[in-house]
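Structure assessment
The residues making up each chain are set out below.
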Amino acid sequence: MGASTGPKLSGMQKQVLSLYRGFLRSARSKSPEERHQVESIVSAEFRRNSKLIDRKNFLYIEYLLRRGKKQLDQIKSPDTVGLSYLNVDASQTKKP
């Protein structure tokens with residue numbers, strides 16, 4: 001790869017991209033059907049979060065990074081055959 005002329009990425013942005021690439025790499029070890037399922041769910045989840053979550057909400061982004069790393073560890077397991085996710089509408093959750 002050549003030198004990038006784009007804007008510098010923050011440490012958190014680099015972590016998010018690294019997590020995304022990790023999911024895509026781990027999907028390669030699955031069967032074609034499972035690979036497609038993992039790639040589509042991961043892509044949809046990352047896109048959804050990029051639109052819904054304020055970029056300055058660092059605590060929530062860090063929480064999502066920790067949760068994503070745990071999910072990545074699970075999917076790296078050869079025993080894992082698929083991926084599912086829970087869709088929680090943030091507007092429907094109770095606020096203290």
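Here the structure is a predicted model, which is why all the values come from computation and not from measurement. (Residues numbered from 1 in each chain as written. Predicted model: local features only at pLDDT ≥ 70, side-chain atom pairs only at ≥ 80, totals over all residues. Heavy atoms only, no water.)

Side note on the packing of helix H1 (residues 11–27) against helix H2 (residues 32–52)
When two helices pack together, their arrangement is given by the angle between the helix axes and the distance between those axes. Applicable threshold: Axis definition: a line fit to C-alpha positions, over the contact stretch in the case of helices; interaxial angles, taken between N-to-C directions, run 0 to 180 degrees. Helix numbers and strand numbers start at the N terminus; a helix is a DSSP run of H or I with at least 4 residues, a strand a run of E with at least 2. The labels follow the angle: roughly parallel below 35 degrees, roughly antiparallel above 145, roughly perpendicular from 65 to 115, and oblique for the rest. For any helix crossing, the convention is left-handed if the near helix is rotated counterclockwise from the far helix by under a right angle, and right-handed if that rotation is clockwise. Here, residues are in contact when the closest pair of their heavy atoms is within 4.5 Å. For this classification, Asp, Glu, Lys and Arg are treated as charged, while Ala, Val, Leu, Ile, Met, Phe, Trp, Tyr, Cys and Pro are nonpolar and the rest, including Gly, are polar.
Across the interface, H1 lies against H2 with an axial gap of 8 Å and an inter-helix angle of 165°. In this view, H1 runs roughly antiparallel relative to H2, as classed from their interaxial angle. Classified by chirality, the crossing of H2 by H1 is right-handed. Across the interface between the two elements, Val-16, Leu-19, Tyr-20, Phe-23, Leu-24 and Ala-27 of H1 pack against Arg-35, Val-38, Glu-39, Val-42, Ser-43 and Phe-46 of H2. Taken together, the residues that form the contact of H1 with H2 break down as nine nonpolar, one polar and two charged.

Observations regarding H2
As a reminder, the rule being used: To estimate how far a helix should extend, the number of its residues minus one is multiplied by 1.5 Å. Per-residue accessibility, obtained with a 1.4 Å probe over protein chains only, is compared with the maximum for each type, and a residue is labelled buried under 20%, exposed over 50%, and partly exposed between these values.
When the terminal C-alpha atoms of H2 are compared, their 30 Å separation across 21 residues agrees well with the 30 Å that a helix rising 1.5 Å per residue should span. Listing the buried residues of H2 in full gives Val-38, Ile-41, Val-42, Ser-43, Glu-45 and Asn-49. In this structure, the buried side of H2 is in contact with H1 and helix H3 (58–76).

By themselves, these observations are geometric and do not establish any function.
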